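Residues per chain, in single letters:
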Amino acid sequence: MNSHNDELIKKLDLISVKIRKHIIEMLYKAKSGHPGGSLSAVDAIVTLYFHHMRHNAKKPDDPDRDRFILSKGHAAPTLYAILAECGYFDVKELNGLREINRMLQGHPVCQHIPGIEASTGSLGHGLSFANGVALAGKLDKKDYNVYVMLGDGETDEGQIWEAASAASHYKLDNLTALLDRNFLQIDGNTEDVLRLESVRERWSSFGWKVIEIDGHDIKQIIESLHEADEGKNQPTMIILNTVKGKGISFMENNVDFHGVPPNELEYKLAMRELNALQGKLEGF
Amino acid sequence: MSKVMENPRNAYGETLVELGKKYSNLVVLDADLSKSTKTVIFAKKYPDRFFEMGIAEANMMSTAAGLASCGKISFASTFAVFATGRVYDQIRMDIAYSNANVKIFATHGGISVGKDGASHQMIEDIALMRVLPNMMVFAPSDATQTRRLVERMATKYGPMYARVGRASAPLIYKKDDLKDIEIGRGIITEDGYDVSIIACGTMVDYALDARKLLSKESIKARVIDMHTIKPIDKKLVLKCAKETNAIITAEEHSVIGGLGSAVSEILAEEGCPCKFRRMGIQDIFCESGEPKDLFAKYGLNANHIAKTVKELIK
Ligand SMILES: Cc1ncc(C[n+]2csc(CCOP(=O)(O)OP(=O)(O)O)c2C)c(N)n1
Ligand SMILES: [Mg+2]
């Protein structure tokens, strides 16, 4: 890649660190929430909002905007932090996450939060919703794209596979799903809870174009999104190989940090690690 | 005096283990929430009779019914929001219509779920389950009552739904109390003759606190712990109407379709024999927040009950 792209990747990597810092701050302050799956989802959603998607925080209802739907709604802190940094609402709102009389609910609500496309939190709905948005795009002859992120455990749900059939039946090439393949859900490893492999073969047998990448490598994310947009007559699934808790050593691959926020010591350690990473990225 | 707390979820998990020892045909299913619903306690003890179904609640409910059709006592658990609305047709066809011996035990019911927000605060489950023929519906008020009711659920045949909250709850009954608890028989937890507060689940403790507040103003409230919402204890409701002349229902649930509706149906058909008010969530979705702040904002704590009593009987 040329130096222009190196700059871009560095910029997005830095934004990702900033978002991770927001997430840790928010969850520490809220004393509840889901660190693991919020952290694994950061790099892909950052790349969508800060590079790939056509959207404008000043016009959240623009009918031509690209759409992003967070089907795994428990990663709300990631989306909130990104929307705030994009200017959809004041960054100060982030410190009221999960508090009474404040805007940012534990799970995304489209009614009350600018930039949120779908109310999620009950797993398994988002892909069907995204299908609806993609079908509307075809009906209205719009050229917007629809992106939806799924958890890997989430794909236990039967509704996901109903939606997978429908998306390929209707040839929704304006739809891209991103699978946060971190191999963990709540009760343990996805393969112990309810086997998902072979994920790649499953989705391709449902008629999807499948791309598999390192979900924390910005360059690969950028390239796969372009490739997905170019797909014709079928939806694309990007399998993001990720690490649950990514960026915080003691949270990485640790199932205990699915739904437990950092305590004071963990908060300090986490911020120290993220600050060090930020310094390193800024330095080079 | 500070209250002794115990989590009804733990009581559920522990009771499952005791029952599992007694009944070799008892099986347990969960949908990726076994650490939260506490079925994990059973899973560790009886791994062969525990089925981890993943995040696939619809599949879990119909599977539980299939197991029951072969003589198993099936307990299926997840959060209340996923245990009812998400899987309504599976429950309706395979469990209620088929009169299957499936026990749905849901945790994280009501607004005391707190910070996860309205998406996870199930306030319609009692209504949804109550309208199903054959289905019995319970909302135990503390850990002791949870133990006793889970025992009854295992030994009495038929489809049943029980819900408890997420949080630890003050113990209302001592560990060995309620040996004679019966499905469909409400409990007069404290007596009084000026008003009856008929409550279920978490609201029983708030009702007891309200009773204390009221007694300072010489109002004597009767508190009924209506752990079984269906079949509802009609005799007790009518007795309260006659003896106290005023009834308030209190539930951590929508005022539509739950305990308040069940009681009002009885009263209306008897010609409205007493003054009556329903307390609960007033047909709205709530929000994220600390449980105690939510109970205060949405009109469901002891002060609200006391105030409502005074307005009703003045
Ligand atoms: C329908 C439904 N069932 C159960 C839950 C509870 N729940 C929240 S997160 C989660 C695990 C999700 O695992 P995964 O999709 O792999 O997410 P990630 O690892 O990215 O956090 C579960 C079971 C839910 N939110 N919705
Ligand atoms: Mg996962």
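For the structure itself, look to the data block above.
Residues numbered from 1 in each chain as written. Chains lettered and ligands numbered in written order. Predicted model: local features only at pLDDT ≥ 70, side-chain atom pairs only at ≥ 80, totals over all residues. Heavy atoms only, no water.

## Things to note about the sheet that holds strand 10 (residues 195-199) of chain B
All names here are of chain B. Quick note on the threshold: Following DSSP output, two strands are said to pair if at least two bridges run between them. Counting from the N terminus, the helices are DSSP H or I runs at least four residues long and the strands are E runs at least two residues long. The axes are straight lines fitted to the C-alpha atoms, using for helices just the contacting stretch, and the angles between their N-to-C directions are given from 0 to 180°. We call two residues contacting when some pair of their heavy atoms lies within 4.5 Å.
Reading across from one edge, 9-11-10-13-14 is the order of the five strands in this open sheet, with mixed pairing throughout. This sheet does not close on itself; its edge strands, each paired only once, are strand 9 (187-190) and strand 14 (275-281). Neighbour-to-neighbour, the strand axes of this sheet turn through a mean angle of 25 degrees, independent of strand direction. Sheet strands touched by helix 10 (residues 234-244): strand 9, strand 10, strand 11 (221-225) and strand 13 (246-254). Its angle to strand 11, the strand with the most contacts, is close to 175 degrees.

## Brief notes about the pattern of salt bridges
Close approach of charged atoms allows side chains of opposite charge to pair. Residues and elements named next belong to chain B. Just so we agree on the cut-off: Here, a salt bridge means any side-chain nitrogen of Lys or Arg that lies within 4 Å of a carboxyl oxygen of Asp or Glu. Think of it in three bands: with a 1.4 Å probe and only protein chains considered, a residue is buried below 20% of the maximum accessible area for its type, exposed above 50%, and partly exposed in between.
Inspection of the entire model under this criterion finds 39 salt bridges over all chains. Arginine 152 is the partner of glutamate 151 in a salt bridge, and the nearest nitrogen-oxygen pair spans 4.0 Å. For the salt bridge of lysine 307 with glutamate 311, the shortest nitrogen-to-oxygen distance reads 3.7 Å. Linking lysine 307 with glutamate 311, this pair stays in helix 13 (residues 302-313), spanning four residues, or about one helical turn. Look at lysine 307 and you get exposed, because its relative accessible area is 52%. A relative accessible area of 42% places glutamate 311 in the partly exposed class.

## Some thoughts on the coordination of the magnesium ion (ligand 2)
Tetrahedral coordination by four donors places them ideally at 109.5 degrees to one another around the metal; octahedral coordination by six donors ideally gives 90 or 180 degrees. Residue and element names in this part refer to chain A. Quick note on the threshold: Only N, O and S atoms count as donors, using a 2.8 Å cut-off from the metal and 3.2 Å for Na, K and Ca, and because water is excluded some sites may appear unfinished.
The magnesium ion (ligand 2) binds to the protein through Asp152 (OD), Asn182 (OD1) and Leu184 (O); the donor distances cover 2.1 Å. Between consecutive donor residues of the magnesium ion (ligand 2), the sequence gaps follow D-x29-N-x1-L. Like leucine 184, asparagine 182 is buried.

## Focus on the packing of helix 9 (residues 203-215) of chain B against helix 13 of chain B
Residue and element names in this part refer to chain B. We apply this condition: Each angle gets one of four labels, with under 35 degrees taken as roughly parallel, over 145 as roughly antiparallel, 65 to 115 as roughly perpendicular, and the rest as oblique. Crossing handedness is read from the near helix: turned anticlockwise from the far helix by less than a right angle, it gives a left-handed crossing, and turned clockwise, a right-handed one. For this classification, Asp, Glu, Lys and Arg are treated as charged, while Ala, Val, Leu, Ile, Met, Phe, Trp, Tyr, Cys and Pro are nonpolar and the rest, including Gly, are polar.
Look at helix 9 against helix 13: their axes get within 8 Å of each other, and the N-to-C directions meet at 60 degrees. Taken together, helix 9 and helix 13 sit at an angle that is classed as oblique. Seen from above, helix 9 lies across helix 13 with right-handed handedness. In this structure, helix 9 contributes Met203, Tyr206, Ala207, Asp209, Ala210, Leu213 and Leu214 to the contact, and helix 13 contributes Ala302, Asn303, Ile305, Ala306, Val309 and Lys310. When the residues that make up the contact of helix 9 with helix 13 are grouped by side-chain class, the tally is ten nonpolar, one polar and two charged.

## Describing the side chain of histidine 108 of chain B
Residue and element names in this part refer to chain B. As a reminder, the rule being used: N or O atoms closer than or at 3.5 Å make up a polar contact, with two conditions inside protein: a donor-capable atom paired with an acceptor-capable one, and, for residues adjacent in sequence, both atoms drawn from side chains.
Summarising the element assignment, histidine 108 is placed in the loop between strand 5 (102-107) and helix 7 (125-130). Residue histidine 108 is classed as buried on the basis of its relative accessible area, which comes to 5%. Among the polar contacts listed, one links the side chain of histidine 108 to the side chain of threonine 107, at a separation of 2.9 Å. Beyond its immediate chain neighbours, meaning those up to four positions away, histidine 108 contacts Arg9, Ser36, Phe79, Ala80, Val113, His120, Val164, Gly165 and Arg166.

## Focus: the site of ligand 1
The condition that has to hold: If a single non-hydrogen atom of a residue is within 4 Å of a molecule or strand, that residue counts as near it. To be clear on the numbers: accessible area is Shrake-Rupley with a 1.4 Å probe, and residue cover counts the displayed protein chains and nothing else.
Around ligand 1 there are 25 residues in total, and Lys72, His74, Asp152 and Lys244 of chain A together with Glu57 of chain B lie nearest to it. Per-site note: the chains with residues close to ligand 1 are chains A and B. In the environment of ligand 1, an oxygen atom lies 2.6 Å from a nitrogen or oxygen atom belonging to the side chain of aspartate 152 of chain A. At 2.6 Å, a side-chain N or O of glutamate 57 of chain B approaches a nitrogen atom of ligand 1. Computed on the free molecule, ligand 1 has an accessible area of 590 Å², of which 98% lies beneath the protein chains in the complex. Tallied by class, residues from the shell around ligand 1 come to six nonpolar, ten polar and nine charged.

Any functional reading would require information beyond the geometric quantities listed.
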